[in-house]
Amino acid sequence: MSVIHEGGTLGAVYTDAKGKIIDVSQSFCDHFLENKESWLGGFIHQFIHEQEADREIIAGQIGDVACLFRMVEQSECRVYYVLLRIDEVDRRNFKDWVARNYAAFRAKREKSASAMSEIIGRSEVLVNVKELAAKIATSDSTVLLSGESGTGKELFAQAIHESSSRSNHPFVAVNCVAIPDELFESEIFGYEAGAFSGAKKGGKPGKVELAQHGTLFLDEISELSYLSQGKLMRVLQEREVERLGGTHSVNVDIRVIAATNKNLQQLVQAGKFREDLFYRLYVFDLHIPSLRERKEDLMTLAYTFIEHFNHMLGRDVENITPKLESQMLAYDWPGNVRELRAFIERGMNITEGSWLEHEHVSFSTVANHPTAVGVVESSNTHQRLDEIVQSVEKEAIQRALKIAGGDRSKAAIQLGIHLSSLYRKMTKYKID
Ligand SMILES: Nc1ncnc2c1ncn2[C@@H]1O[C@H](COP(=O)(O)OP(=O)(O)OP(=O)(O)O)[C@@H](O)[C@H]1O
Ligand SMILES: [Mg+2]
């Protein structure tokens, strides 16, 4: 039986510089069914088999249980995190087992190193944000992610966690919308058995406890009530939690990343968000730009999603027609990347060929389709249909020219018409 613990680790052994064991974590004792005292004073070398070329990952064995450790040097001690255990390993196969699992861990680590590169987009604004996020990841400071809905705030939070030194510990996401006042404490702090009627039998750890040594992601933080904000503030300040009905408090070692699609500063001014909490969160403010502020990323993202859904749905889509592309570029994507992803997914469920066409898709919020709305809304209701069509056409051409930076061939391709036809229409509508 092998147990791979993805999020956190199976516990930690602390030693001094000579390898003498000075402490073991509670989760270590729980996993290996040992009491702490039997470990203290022993030497880590009794448990370590061989050290791989990459000195950070080390194979070892505790009783009949084979383990992979990761060693982290700290100023006063060394920490050996147990990354993986496999029970009842056959000693003769131990070398093979190490080789196999070592490769798996290497892959996992390389994946985490590339966490930032999973955030698609090469626009200058996004690249700047990614660079900043990578820098912030190395520190332990609180991060406030702001940006419209669907811009990728959670994706950024995960990438920051994966690129941080906490990546071998849990990333725990809390959606603040889903936590009513009455449940705040039991969700965040946890509770002991019998803390209140209806409490689970063995008690329950809170989110803060679950995120120990890892990252706590507080999504939609603006949705917490003033009262709950105060309770959260207290944990962040005192860095300890006590379960409801508990008798002792636990030191909290977590990194906090909060996200909001509202302007917290305005909420503070309106008296809806605690100023002290705001300043506690506002250490690094990382603003994720909306998709319409980085249209250069639109097609890259679209083709990434096409590739993804080709795989998922067994399709063979290769291209987006120029006409659809120009419609997509003209649209303002109020739901940002999430909307784009759903848009591509819908289209790909319908299409059968290798082209994704405008007939396969629909823009979900017609009211936000600038090509249509701008004109129709401002138009006189007694306008004739041909007049409406012409004004929409004129606006679409102007927009395509603007997006193409005045390059007429590009604009024609985007609009799905011939260059000569574009010239004709430009003369007709007196566009230069
Ligand atoms: N730059 C990007 N590259 C690839 N996928 C992205 C990118 N940005 C967002 N996505 C995808 O878009 C979807 C929405 O992203 P995410 O959930 O992170 O947004 P959010 O800002 O947290 O939204 P909300 O405020 O609504 O919670 C996810 O499926 C995510 O993987
Ligand atoms: Mg989110």
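You'll find the structure just up there.
Caption draft 1: Main features of the pairing of strand 5 (residues 57-62). Taken across its 6 residues, strand 5 has 6 buried, putting it largely inside the fold. Burial along strand 5 is two-sided: the face carrying I57, A59 and Q61 and the face carrying I58, G60 and I62 are both buried. Taken together, the 6 bridges between strand 5 and strand 6 (residues 65-73) define a ladder with antiparallel strand orientation. Across the sheet, the residue bridging to A59 is L68, located in strand 6.

Caption draft 2: Representation of the pattern of salt bridges within the structure. All told, the structure shown has 12 salt bridges when counted by the stated rule. Here K231 makes a salt bridge to E185, at a shortest N to O gap of 3.5 Å. Linking K231 in helix 7 (residues 226-238) with E185 in helix 5 (residues 181-188), this pair joins segments that are 46 residues apart in sequence. Between K262 and E223 there is a salt bridge whose closest N-O contact spans 2.6 Å. With a gap of 39 residues between them, K262 in the loop between strand 15 (255-260) and helix 8 (264-269) and E223 in the loop between strand 12 (215-219) and helix 7 connect regions that are remote in the sequence.

Caption draft 3: Here's a closer look at the sheet that holds strand 16 (residues 284-287). Taking strand neighbours across the sheet as the criterion, the 5 strands line up as 9-12-15-8-16 in an open arrangement whose pairing is parallel. In the strand order of this sheet, the two ends are held by strand 9 (171-175) and strand 16, each with one partner. Ignoring which end each strand starts from, the neighbouring axes of this sheet average 20° apart. Of the pairings in the sheet, the one linking strand 9 to strand 12 comprises 5 bridges and is parallel in character. Bridge assignment links V174 to a residue of strand 12, and that residue is L218.

Caption draft 4: Examining the environment of D276 more closely. With respect to the helices and strands, D276 occurs in helix 9 (residues 275-281). Residues D276 and G230, spaced 46 residues apart in sequence, show a C-alpha to C-alpha distance of 9.0 Å.

Caption draft 5: View of the packing of aromatic side chains. Scanning the entire structure with this criterion turns up 11 aromatic pairs. With 4.7 Å between their ring centres and 85° between their planes, Y331 and W333 make a pair best called edge-to-face. Across the pair, W333 and Y331 agree in class, each one buried. Taken together, a centroid distance of 4.6 Å and an interplanar angle of 55° make the contact between Y331 and F363 tilted. Pair noted here: Y331 is in the loop between helix 11 (322-330) and helix 12 (336-350) and F363 is in the loop between strand 18 (355-356) and helix 13 (370-378), with a separation of 32 residues, a long-range link. Taken together through their ring pairs, the aromatic side chains of Y331, W333, F343 and F363 make up a single cluster.

Caption draft 6: Just the site of ligand 1, in detail. Inspection of the region around ligand 1 gives 17 residues, with I120, S149, G150, K153 and R338 positioned closest. One of the backbone nitrogen or oxygen atoms of T151 is found 3.3 Å away from an oxygen atom of ligand 1. In this structure, an oxygen atom belonging to ligand 1 sits 2.7 Å away from a side-chain N or O atom of K153. When ligand 1 is considered free in solution it has 630 Å² of accessible area, and contact with the protein chains removes 86% of it. Counting only elements with at least two residues in the shell around ligand 1, the list comes to helix 4 (153-162), helix 10 (298-313) and helix 12.

Caption draft 7: How the structure looks around unusual backbone geometry. For H213, which is not glycine, the phi dihedral falls at a positive 70°. Checked against the element boundaries, H213 lands in the loop between helix 6 (207-210) and strand 12. Residue classification places H213 among the partly exposed residues on the basis of a relative accessible area of 30%. Backbone geometry places E220, a non-glycine residue, at a positive phi of 55°. Assignment of secondary structure puts E220 in the loop between strand 12 and helix 7. E220 gets classed as partly exposed once you look at its relative accessible area, which sits at 27%.

Caption draft 8: Just the packing of helix 10 against helix 11, in detail. Relative to each other, helix 10 and helix 11 sit at 120°, their axes nearing to 11 Å. Here helix 10 is positioned oblique relative to helix 11, judged by the angle of their axes. Seen from above, helix 10 lies across helix 11 with right-handed handedness. Residue-level inspection shows L298, M299 and A302 of helix 10 in contact with helix 11, the latter providing E325, M328 and L329. Considering only residue class, the contact of helix 10 with helix 11 consists of 5 nonpolar, no polar and 1 charged.

Caption draft 9: Seen up close, the side chain of T15. Summarising the element assignment, T15 is placed in strand 2 (residues 12-15). We classify T15 as buried; its relative accessible area is 0%. Excluding residues that lie within four positions of it along the chain, T15 makes contacts with K20, I21, I22, I44, C77, R78 and Y80.

Caption draft 10: Looking closely at the side chain of T260. When you line up the elements, T260 lands in strand 15. Taking relative accessible area as the criterion, T260 reaches 2% and is therefore assigned buried. Polar contacts involving the side chain of T260 include one to the main-chain amide nitrogen of K262, which spans 2.9 Å. Those residues in contact with T260 that lie beyond four places of it in its chain are L144, L145, S146, G147, K153, I221 and S222.

Caption draft 11: Spatial organisation of the environment of V174. Summarising the element assignment, V174 is placed in strand 9. The class for V174 is buried, based on a relative accessible area of 3%.

The rules we used
Residues numbered from 1 in each chain as written. Chains lettered and ligands numbered in written order. Predicted model: local features only at pLDDT ≥ 70, side-chain atom pairs only at ≥ 80, totals over all residues. Heavy atoms only, no water. Buried < 20%, exposed > 50% of the residue type's maximum accessible area, 1.4 Å probe, protein only. Helix = DSSP H or I, 4+ residues; strand = E, 2+ residues; numbered from the N terminus. Pairing = 2+ DSSP bridges. Salt bridge = Lys/Arg side-chain N within 4 Å of Asp/Glu carboxyl O. Axes fitted to C-alpha atoms, helices over the stretch in contact; angles between N-to-C directions. Phe/Tyr/Trp six-rings, centres within 6.5 Å; stacked < 30°, edge-to-face > 60°. Near = heavy atom within 4 Å. Polar contact = N/O pair within 3.5 Å; in protein donor to acceptor, adjacent residues only side chain to side chain. Areas by Shrake-Rupley, 256 points an atom, 1.4 Å probe, with all protein chains shown as cover. Parallel < 35°, antiparallel > 145°, perpendicular 65-115°, else oblique. Left-handed = near helix turned anticlockwise from the far one by under 90°. Contact = heavy atoms within 4.5 Å. Nonpolar A, V, L, I, M, F, W, Y, C, P; charged D, E, K, R; others polar.

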